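What follows is each chain in one-letter form.
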Amino acid sequence: MTNGQQQPPPTPASRGMNWKHWTAIIVVLALCCGGVFLMNSNFSNPTGTIRDHYTRAANLDEGGGRAYTSSLSPATVADQIDDDAEAVDERSSGGVYYLQYTKHIVAVSPYQGGSKILVHDYRSGYNHYSSVFILGGWGWSSSPPSPFRGGGPGSGK
């Protein structure tokens, strides 16, 4: 130092919150909210793809389900629906294909050389087809399955 003068000590950081603190808080909150939204979103919802690709047939509605038709075979229709909106589980019995989703059950059956597609909310679908599920021993619960597929400690053993 010149002239024997000392530099003043550095000033302590401001005790208040500055723009960097607020930015960090906002980013963390946005990430948390986004994570909650994604955890609660059901990206495997078959209703849109069925509505967009098949013909609505309200006269065939039954058991609380909305009916649609297709000229394609039930196996083909079930595969197409599952390809567009991946089902949690898929089973068939007596030529009818059942697709299990977290909020819906879809049944695809033979109809006039093609297919009839019935889309049920999970509970009404389970009630409508419970005899098939129980007699088939499938183990589908009367409660909708969880959309979370991850494993916790010990998974994969």
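Just so we're clear, the structure is a prediction, and the values are computed from it rather than from any experiment. (Residues numbered from 1 in each chain as written. Predicted model: local features only at pLDDT ≥ 70, side-chain atom pairs only at ≥ 80, totals over all residues. Heavy atoms only, no water.)

## Some remarks on the overall build of the protein chain
Keep this limit in mind: Strands here mean DSSP runs of E at least two residues long; helices mean DSSP runs of H or I at least four residues long; both are numbered from the N terminus. For the exposure calls, accessible area comes from a 1.4 Å probe over protein chains only, and a residue counts as buried if that area is under 20% of its type's maximum, exposed if over 50%, partly exposed in between. A contact between two residues is defined here by any heavy atoms of the two lying within 4.5 Å. Surface accessibility in these figures is a Shrake-Rupley result with a 1.4 Å probe; residues are shielded only by whichever protein chains are displayed.
Within the protein chain one finds four helices and six strands. Burial statistics for the protein chain: of 157 residues in total, 32% are counted as buried. Expressed as a percentage of contacts within the protein chain between residues at least 6 apart in sequence, the contacts between residues at least 24 apart total 47%. Looking at the protein chain as shown, the accessible area adds up to about 10,400 Å², and 55% of this sits on carbon and sulfur atoms.

## Topic: the pairing of strand β5 (residues 104–111)
Across a regular strand the side chains alternate sides, sitting on one face of the sheet and then on the other. Note the cut-off: A pair of strands counts as paired when DSSP detects no fewer than two bridges linking them.
When you tally the buried positions in β5, you get six out of eight residues, the bulk of the element. Across four bridges, the pairing between strand β4 (residues 96–100) and β5 is antiparallel. If you follow Leu-99 over to β5, its bridge partner there is Val-106. Here β4 folds back onto β5, and the loop between the two strands holds three residues. Summarising the sheet, β5 and strand β6 (residues 114–121) pair through eight bridges and their orientation is antiparallel. Its bridge partner being in β6, Ile-105 is matched across the sheet by His-120. Between β5 and β6, which pair antiparallel and follow one another directly, the connecting turn spans two residues, one of which, Gln-112, has a positive phi of 45°.

## Some thoughts on the packing of aromatic side chains
This is how it is decided: Geometry of aromatic contacts follows a simple scheme: Phe, Tyr and Trp rings, the Trp one being its six-membered ring, pair when their centres are within 6.5 Å, and the pair is stacked under 30 degrees between planes, edge-to-face over 60, tilted otherwise. Any Lys NZ or Arg CZ that is within 6 Å of a ring centre and within 35 degrees of that ring's normal is treated as a charge sitting over the ring.
Throughout the structure, instances matching the rule amount to one aromatic pair. Sitting over the ring of Tyr-68, Arg-56 keeps its end group 5.6 Å from the ring centre.

## Things to note about helix α3 (residues 74–84)
Applicable threshold: The arc in question is the one traced by the directions running from the helix axis out to the C-beta atoms.
Along α3, the positions that sit buried rather than exposed are Pro-74, Val-77, Ala-78, Ile-81 and Asp-82. The buried residues of α3 occupy one face: seen down the axis, they fall within an arc of 130°. Looking at the buried side of α3, the elements it contacts are α2 (47–53), β2 (66–70), β3 (89–93), β4, β5 and β6.

## Quick look at the nonpolar core
Soluble globular proteins tend to bury their nonpolar side chains together. Test applied: Residues enter a nonpolar core if they are buried and are Ala, Val, Leu, Ile, Met, Phe, Trp, Tyr or Cys, with the set joined through side-chain atoms within 4.5 Å.
One finds Ile-50, Tyr-54, Ile-81, Tyr-101, Val-106, Val-108 and Ile-117 to be the most contacted residues of the largest nonpolar core, which totals 14 residues. Contributions of two or more residues to this core are made by α3, β5 and β6. Sorting elements by how many residues they give to this core places α3 first, with three residues. Among residues more than four places away in sequence, those in contact with Val-106 are Pro-46, Ile-50, Ile-81, Tyr-97, Tyr-98, Leu-99, Tyr-101, Ile-117, Leu-118 and Val-119. Judged by nonpolar contacts, the second largest core, of 11 residues, contains Ile-105, Ala-107, Leu-118 and Tyr-129.

## Examining a nonpolar patch on the surface
What counts, and what does not: Two joining distances apply to patches: 9 Å for like charges and 5 Å for nonpolar side chains (Val, Leu, Ile, Met, Phe, Trp, Tyr), and every residue must have over 30% relative accessible area and no salt bridge. Here, a salt bridge means any side-chain nitrogen of Lys or Arg that lies within 4 Å of a carboxyl oxygen of Asp or Glu.
Together, Met-17, Trp-22, Ile-25, Ile-26 and Leu-29 line one region of the surface with nonpolar side chains, adding up to about 520 Å² of accessible area. Structurally, the position occupied by Met-17 is in the segment before α1 (19–40).

## Comments concerning the sheet that holds β5
To be explicit about the condition: Only C-alpha atoms enter the line fits that serve as axes; for helices the fit covers just the stretch in contact. Angles between N-to-C directions range over 0 to 180 degrees.
Here six strands make up an open sheet; going across it, the order is β1-β2-β6-β5-β4-β3 and the pairing antiparallel. The open sheet has two edge strands with one neighbour each: β1 (55–56) and β3. As defined by bridge partners, β2 adjoins β6 across five bridges and the pair is classed as antiparallel. Within β6, the residue paired with Ser-70 across the bridge is Ser-115. Across the face of the sheet, α3 comes into contact with β2, β3, β4, β5 and β6 while running at roughly 155° to β5.

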